[in-house]
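Each chain, written out:
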Amino acid sequence: MKCIIIADNFKKALSIVERATSKDITLPILGSFSITTEGGSLRVMGTNLEIGIQTLVRCTVNEQGGVVIPAKQLLSYISTLSKDEKITLESDGADISLTVQGQETTIKGYPQEDFPPFPVVKELYKAKIYKKDITQFFPRVLISVSKSAIKPELASVLGILEKETFLIASTDSFRLSEERLKLASVSIKNPKETFLLPARTFEEIIRLADQSSEDTVEFLISKGEGTFQFGDITLYSRLTEGNFPDYQQIIPKNFKTHGVATRQEIVSQLRRASIFANKLNSVSFSLNVKDKSITIESKNNQGTYKGVTKGEFDGEDVSIVFNFQYLLQGVESYAEEKLFFGFNSESQPLLIKPTGREGSMYIVMPMKGNV
């Protein structure tokens, strides 16, 4: 292999792929980049066997070929170069030499045949989703994913393809997020398909979509695996095995108390209350329907907080204790300023959704006891 590439273009490609590499010392080759020529481009690939990322970057190819090079050393070296410098890459067996303005650096690599090939996913169903929906709505669902790996299905995002709709949902048993999005296009054999995406994959989809210049992202789903296409960048992922909880039964259909409040006012009150929250992060959320008031209170050994704001509510007065982090993350994740709040009792979940937009909701469970 011999080619010439601009340092900045090479660095951008390596940085995109580097997040898929592994730091597992038992399989050091997974901490490497597979770099191969393809026509007038370089294909850069990395994988940790759970996810894989590959991308194409333009270059001038003199000789075809490929190498497998440790990611840390290569990216660290490229980061020292000026962005407009031209690098001549030339392989010598498993090693690679990098020549810049007469200075030559050699990095030892691995046999190319030892690097795992990028999987080819057999299409069971295919869809395209708008980039703007990924960057706007996917992060909302990510906040409710469990941080524990004890139950892999809770550390994942549920995806359901149905006609022209893509439903995504997540829960950590304390709160639940759901978004229903309209697809740009879809091709499925069955009227409804369900799969689980690991949280890490979901994070990468958001990141790569944000960097992409394409208006849509195409994904192919097969049994146990899937790929997502962002222009010249391809993300591969294994899917999570298991069954997502049947959460529909906990969604409140009717409310004893319901109404609308201003998002920014609630966010401001919760942030102040969080300063004086106790070790359990609890705050009290009280509604006085007649006075149209919302009172948020907290108390710990350092002091107390009590804040009052306005809201338009119907029904009964209610006072419920919540984990302020769960409540705050849900409220501030919305872009809309007017939010609907639906309550039933101090032991039943609160439902929050934006007014004027269908297909979105956030549910948070209350805490037991008082502040």
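Refer to the preceding data block for the structure.
Because the structure is predicted, anything quoted here is derived from the model rather than measured. The residue numbers shown here count from 1 along each chain, following its written sequence. Predicted model: local features are reported for residues with pLDDT of at least 70 only, side-chain atom pairs are reported and counted for 80 or more only, and whole-chain, interface and lining totals are derived from all residues. The basis for the side-chain values is all heavy atoms of the structure; hydrogens and waters are excluded.

## Regarding helix α5 (residues 263-274)
Think of an α-helix as 3.6 residues a turn; residues three or four steps apart then line up on the same face. Keep this limit in mind: Elements are defined by DSSP. Helices are runs of H or I of four residues or more, strands are runs of E of two residues or more, and each kind is numbered from the N terminus. Every helix has an expected span of 1.5 Å times one less than the residues it contains. For each residue, the accessible area found with a 1.4 Å probe, counting protein chains only, is set against the maximum for its type, and the residue is called buried under 20%, exposed over 50%, and partly exposed in between. An arc is given here, and it is the one of the directions from the helix axis to the C-beta atoms. What makes two residues a contact is simply this: any of their non-hydrogen atoms within 4.5 Å.
End to end, α5 covers 16 Å across 12 residues, agreeing with the expected 16 Å (1.5 Å per residue, within 8%). Residues of α5 that are buried: R263, I266, V267, Q269, L270 and A273. In a view along the axis of α5, the buried residues occupy a sector of 165°, so they form one face of it. If you follow the buried residues of α5, they end up packed against β19 (257-262), β20 (282-288), β21 (293-300), β22 (303-315), α6 (324-332) and β24 (338-343).

## Focus: the pairing of strand β9 (residues 103-107)
Test applied: For two strands to be treated as a pair, DSSP must find at least two bridges joining them.
In this structure, strand β8 (residues 95-100) lies alongside β9, joined through 5 bridges in antiparallel fashion. Considered in β9, the bridge of S97 is made with T106. A loop of 2 residues connects β8 with β9, the two strands running antiparallel in sequence, and Q101 in this loop sits at a positive phi of about 50°.

## Description of the nonpolar core
Put simply, the rule is: Grouping buried Ala, Val, Leu, Ile, Met, Phe, Trp, Tyr and Cys residues that are joined through side-chain atoms within 4.5 Å yields what is termed a nonpolar core.
The biggest cluster of nonpolar side chains holds 62 residues, and the ones touching the most others in it are F10, L42, L74, I87, L89 and F138. Within the second largest apolar cluster, 31 residues are counted, among which are I294, Y305, L350 and V364.

## Describing the pairing of strand β10 (residues 125-130)
Covered by surrounding structure in β10 are Y125, A127 and I129 only, the residues K126, K128 and Y130 on the alternate face being uncovered. Sheet topology note: the β10/strand β14 (residues 185-188) ladder contains 4 bridges and is antiparallel. Note that in β14 the partner of Y125 across the bridge is I188. Two elements, β10 and strand β16 (residues 216-221), share 6 bridges in a ladder whose sense is antiparallel. By the bridge assignment, I129 is partnered in β16 with V217.

## Some points on α6
To keep it simple, the criterion reads: As used in this structure description, the phrase polar contact means that two N or O atoms lie within 3.5 Å; if the pair is within protein, one of them must be able to donate a hydrogen and the other to accept it, and residues adjacent in sequence are counted only when both atoms belong to side chains.
Among all positions in α6, only F324, Y326, L327, L328, G330 and V331 are buried. Among the residues of α6, the N-terminal cap falls to N323, whose side-chain oxygen and the backbone nitrogen of Q325 are separated by 2.8 Å.

## Quick look at the pattern of salt bridges
In plain terms, the rule: We count a salt bridge whenever a side-chain nitrogen from Lys or Arg sits within 4 Å of a carboxyl oxygen from Asp or Glu.
One pass over the full model with this rule turns up 15 salt bridges. With its nearest N and O atoms 2.3 Å apart, the salt bridge here joins E179 to R140. One end of the pair, E179, is in strand β13 (residues 175-182); the other, R140, is in helix α3 (residues 131-142), with 39 residues separating them in the sequence. Looking at E179, the relative accessible area reads 0%, which means it is buried. R140 sits in the buried class, given a relative accessible area of 2%. The partner of E178 in a salt bridge is R180, and the shortest N-O contact between them spans 3.6 Å. By relative accessible area, R180 is classed as partly exposed at 42%. Several salt bridges share partner residues, and in doing so they unite R19, R200, E204 and R207 into one network.

## Comments concerning the packing of aromatic side chains
To keep it simple, the criterion reads: In this analysis, rings of Phe, Tyr and Trp, with Trp reduced to its six-membered ring, are considered paired at centre separations within 6.5 Å, and the interplanar angle assigns stacked below 30 degrees, edge-to-face beyond 60, and tilted for intermediate values. Here, a charge over a ring means that NZ of Lys or CZ of Arg falls within 6 Å of the ring centre while also lying within 35 degrees of the ring normal.
Inspection of the entire model under this criterion finds 14 aromatic pairs. Aromatic side chains F244 and Y247 sit 6.1 Å apart centroid to centroid with 90° between the ring planes, which places their arrangement in the edge-to-face category. The side chain of K132 reaches across the aromatic face of Y130, ending 5.2 Å from its centre.

## Observations concerning the packing of helix α1 (residues 7-18) against helix α2 (residues 71-78)
Rules: Note on geometry: axes are C-alpha line fits, over the in-contact stretch for helices, and angles between N-to-C directions span 0 to 180 degrees. Crossing handedness is read from the near helix: turned anticlockwise from the far helix by less than a right angle, it gives a left-handed crossing, and turned clockwise, a right-handed one. Just so you know the grouping, Ala, Val, Leu, Ile, Met, Phe, Trp, Tyr, Cys and Pro go in nonpolar, Asp, Glu, Lys and Arg go in charged, and all remaining residues, Gly too, go in polar.
At a closest axis distance of 10 Å, the pairing of α1 and α2 adopts a crossing angle of 145°. Both α1 and α2 take part in a crossing whose hand is left-handed. Each of A7, F10, K11, L14, S15 and E18 in α1 lies in contact with α2, whose residues at this interface are L74, L75 and I78. Residues that form the contact of α1 with α2 fall into these classes: 6 nonpolar, 1 polar and 2 charged.

## Points about the sheet that holds β10
The strand order β6-β2-β3-β4-β18-β17-β16-β10-β14 describes an open sheet built from 9 strands, whose pairing is antiparallel. If you trace the sheet from one side to the other, it starts and ends with β6 (66-70) and β14, each paired once. For this sheet, the mean inter-axis angle between neighbouring strands, taken without regard to orientation, is 20°. Inspection of the sheet shows strand β4 (residues 51-58) paired to strand β18 (residues 233-238) by 5 bridges, in the antiparallel sense. Bridge assignment links I53 to a residue of β18, and that residue is L235. Relative to β4, α1 is tilted by about 170°, and along the sheet it contacts β2 (32-38), β3 (41-47), β4 and β18. The sheet contacts of α2 involve β2 and β6, and relative to β6 the element is tilted by about 90°.

## What about the sheet that holds strand β26 (residues 360-364)?
The strands that make up a sheet pair up through hydrogen bonds in the backbone, lying either parallel or antiparallel. Strands sit in the order β15-β11-β12-β13-β26-β25-β24-β19-β22-β21-β20-β23 across an open sheet of 12 strands; the sheet is antiparallel. Edge positions in the open sheet fall to β15 (192-198) and β23 (318-323), since each of these has one partner strand only. On average, each strand axis in the sheet is tilted by 25° relative to the strand beside it, whichever way the strands run. Of the pairings in the sheet, the one linking β24 to strand β25 (residues 350-354) comprises 4 bridges and is antiparallel in character. Pairing of F341 across the sheet is with I352, part of β25. Packing against the sheet, α3 makes contact with β11 (156-162), β12 (165-171), β13 and β26, and its axis sits at approximately 160° to β13.

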